[in-house]
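# Analysis of the macromolecular model
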Amino acid sequence: MRGMARRGMRLTVGLLVGAGTVAVEVPFIVLSGLALLCVFVWPRGRRKVLEPVMAVARWLIESARRRLRYGGADFAYRYDNERALKYLAVRWILGSLGAVVVFTALLGATVVLWASTVWAFTRVEHPVDVAETGVGALFLFFLSLQSVFGVAALEARLARHFLGPTHEKELKRRVAELASSRAGVVAAVNDERRRIERDLHDGVQQRLVALGMLLGRALRSKDQDHAVDLLRQAHAESRQALTELREVAWRVYPTVLDEAGLRAALETVAERSAVPVRLTYNFPGEPGAAVATVAYFVVSEAVTNAVKHSCAVGITVTVDRDENILSVRIQDDGWGGADASGSGLFGLARRVAAMDGRLRVDSPVGGPTTITAELPCA
């Protein structure tokens, strides 16, 4: 309820500001139209007139863009001169309508307040008339509030229609995004293969080599006690190699993710961390396998980086849902200064981008470091 009231206040302020700009937009459209009409058949003169006209038009559009963003409507802007002028030629109608809606809401609230004051503090001679006036004003106030949201939505759609990218440009942008994310997925897979090879070569393989050497020395030893000691060392080395092999397999893909779900997998990450991790899981149900996998690796890599590099003493992991978006937030109280372009975080960004998601890294020097991943999960 509080969020709805806050959004209503933002939209109301936006409509009031938009109504105020009508006083600038209408004279601008009229004067610009007359100026362009006078030089319509003169190409050089039309270009000279169009330059200052578009400078003012862009200023007005940027003002409208900031106002719409304040109200929560933001999108890509790809407009040319013709579409910009068309937008300004039409927008003043909605600006005027917004002023009427806000004025009506204020009038209804004022009448309701008057009726309440009269009823509470004075002797009412015609109570039925006062009650009818109050109820009518309250109904008018309610309709005006609904109209605030409606007019704001119309303004956002109007701006998106005239100022947003055309359907063809949107398709081209989408194709470019898919091509980039596909290349990122291929690169991420290759990086993962190299990491697995490095883990096997530097860890498990070295353990197995040491195990073979110990067994060979035990076979060649003439001293039975020394041979038993070597076999004992070989046994310990085999157990360590098995532990490291399990670690590598876990980093490749945790089986608990399929067996028990994302929450259990994240709880395992928290339990295995050398730094205390507090997990808050507010996601109802279970996300899809692909989304759960990406969310798991984001948390696992972020926690590992925090343990290795940030000198943190506490890590907080929050998993939440906002409509059709799975939100994963990892925050540590370490030194900060994390490089978002580093190999680890860059690999995570590519994983998230492959799911049409977004990864944000906020890590000022001195901390805290906050990594947020938003993944579509419809």
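One structure accompanies this document, and this report is about it. Given the structure is predicted, the values throughout are model-derived calculations rather than measurements.

## Regarding the overall build of the chain
The secondary structure content of the chain amounts to 10 helices and five strands. Burial status across the chain gives 34% buried among its 378 residues. Residue pairs in contact within the chain that sit at least 24 positions apart in sequence constitute 70% of those at least 6 positions apart. Surface summary for the chain: the accessible area is close to 23,000 Å², and the carbon and sulfur share equals 61%.

## Overview of unusual backbone geometry
Peptide bonds are, in most cases, trans, and in most cases residues other than glycine have a negative phi. In the Ramachandran plot, C311 falls in the positive-phi region, its phi being about 55 degrees despite a non-glycine side chain. One can find C311 in the loop between α9 (289–309) and β2 (315–322).

## Remarks on the sheet that holds β2
In any sheet, the strands associate via hydrogen bonds between backbone groups, in a parallel or an antiparallel arrangement. What the five strands build is an open sheet, ordered β1-β2-β3-β5-β4; its pairing is mixed. Of all strands in the sheet, those bounded by a partner on one side alone are β1 (277–281) and β4 (358–362). The mean inter-strand angle of the sheet, taken between neighbouring strand axes irrespective of direction, is 10 degrees. Two elements, β2 and strand β3 (residues 325–332), share eight bridges in a ladder whose sense is antiparallel. Looking across to β3, one finds that D320 is bridged to S327. Where helix α8 (residues 262–272) meets the sheet, it contacts β1 and β2, and its direction lies at approximately 170 degrees from that of β1.

## Quick notes on a positive patch on the surface
Residues R44, R46, R47 and K48 make up a contiguous surface patch of positive charge. The residue R47 is located in helix α2 (residues 43–70) in this model.

## Brief notes about the pairing of β3
Where β2 hands over to β3, the hairpin turn is made up of two residues, of which E323 adopts a positive phi near 60 degrees. Strand direction decides the pairing type here: β3 and strand β5 (residues 369–376), joined by eight bridges, are antiparallel. Looking across to β5, one finds that I330 is bridged to I371.

## A look at the nonpolar core
Judged by nonpolar contacts, the single largest core of 36 residues is most densely connected at L262, Y296, V299, I315, V317, L326 and I330. Here this core gets 11 residues from one element, more than from any other, and that element is α9. Those residues in contact with L262, other than ones at most four positions away along the chain, are L257, Y281, E286, P287, A292, A295 and Y296.

## Considering the pattern of salt bridges
Scanning all chains against the criterion turns up seven salt bridges. Here E25 makes a salt bridge to R91, at a shortest N to O gap of 3.0 Å. Taken as a pair, E25 in helix α1 (residues 2–38) and R91 in helix α3 (residues 81–121) lie far apart in primary sequence, 66 residues in all. Each member of the pair, E25 together with R91, is buried. Each of E25, R67, R91 and E155 takes part in one network of salt bridges that share partners.

## Observations concerning the environment of F28
Position of F28 among the secondary structure elements: in helix α1. Put simply, F28 and L60 are 32 residues apart on the chain and 9.9 Å apart in space, counted from C-alpha to C-alpha. Beyond its immediate chain neighbours, meaning those up to four positions away, F28 contacts V53, V56, A57, L60 and L88.

## Considering the environment of R67
For R67, the location among the structural elements is in helix α2. With 52 residues separating them in the primary sequence, R67 and L15 have C-alpha atoms 8.7 Å apart. Of the polar contacts made by the side chain of R67, one reaches the backbone oxygen of G14; its length is 3.4 Å.

## Some points on the packing of α8 against α9
The N-to-C vectors of α8 and α9 enclose an angle of 10 degrees; their axes lie 10 Å apart at closest approach. It follows that α8 is roughly parallel to α9 by the angle criterion. Only A292, A295, Y296, V299, S300 and V303 of α9 make contact with α8, whose side of the interface consists of L262, A265, L266 and V269. Grouping the amino acids of the contact of α8 with α9 by side-chain chemistry returns nine nonpolar, one polar and no charged.

## Observations concerning the environment of R58
Within the secondary structure layout, R58 lies in helix α2. Once the C-alpha coordinates of R58 and L85 are considered, the two residues, 27 residues apart in sequence, prove to be 9.4 Å apart. Those residues in contact with R58, other than ones at most four positions away along the chain, are Y79 and N81.

## Focus on α2
For α2, which comprises 28 residues, the first-to-last C-alpha distance of 39 Å matches the rise-based estimate of 40 Å (1.5 Å per residue) to within 8%. Of all the bends found along α2, the most pronounced is centred on L50 and spans about 25 degrees, while P52, a proline, follows it within four residues. All of the buried residues along α2 are G45, V53, M54, A57, L60, I61, S63, A64, R67 and L68.

Rules and cut-offs
Residues numbered from 1 in each chain as written. Predicted model: local features only at pLDDT ≥ 70, side-chain atom pairs only at ≥ 80, totals over all residues. Heavy atoms only, no water. Helix = DSSP H or I, 4+ residues; strand = E, 2+ residues; numbered from the N terminus. Buried < 20%, exposed > 50% of the residue type's maximum accessible area, 1.4 Å probe, protein only. Contact = heavy atoms within 4.5 Å. Areas by Shrake-Rupley, 256 points an atom, 1.4 Å probe, with all protein chains shown as cover. Pairing = 2+ DSSP bridges. Axes fitted to C-alpha atoms, helices over the stretch in contact; angles between N-to-C directions. Patch = residues over 30% accessible without salt bridge, like charges linked within 9 Å, V, L, I, M, F, W, Y side chains within 5 Å. Salt bridge = Lys/Arg side-chain N within 4 Å of Asp/Glu carboxyl O. Lys, Arg positive; Asp, Glu negative; His and termini not counted. Charge placed at Lys NZ, Arg CZ, Asp CG, Glu CD. Core = buried A, V, L, I, M, F, W, Y, C linked by side-chain atoms within 4.5 Å. Polar contact = N/O pair within 3.5 Å; in protein donor to acceptor, adjacent residues only side chain to side chain. Parallel < 35°, antiparallel > 145°, perpendicular 65-115°, else oblique. Nonpolar A, V, L, I, M, F, W, Y, C, P; charged D, E, K, R; others polar. Expected span 1.5 Å × (residues − 1). Bend = angle between axes of the 7 residues up to and from the residue.

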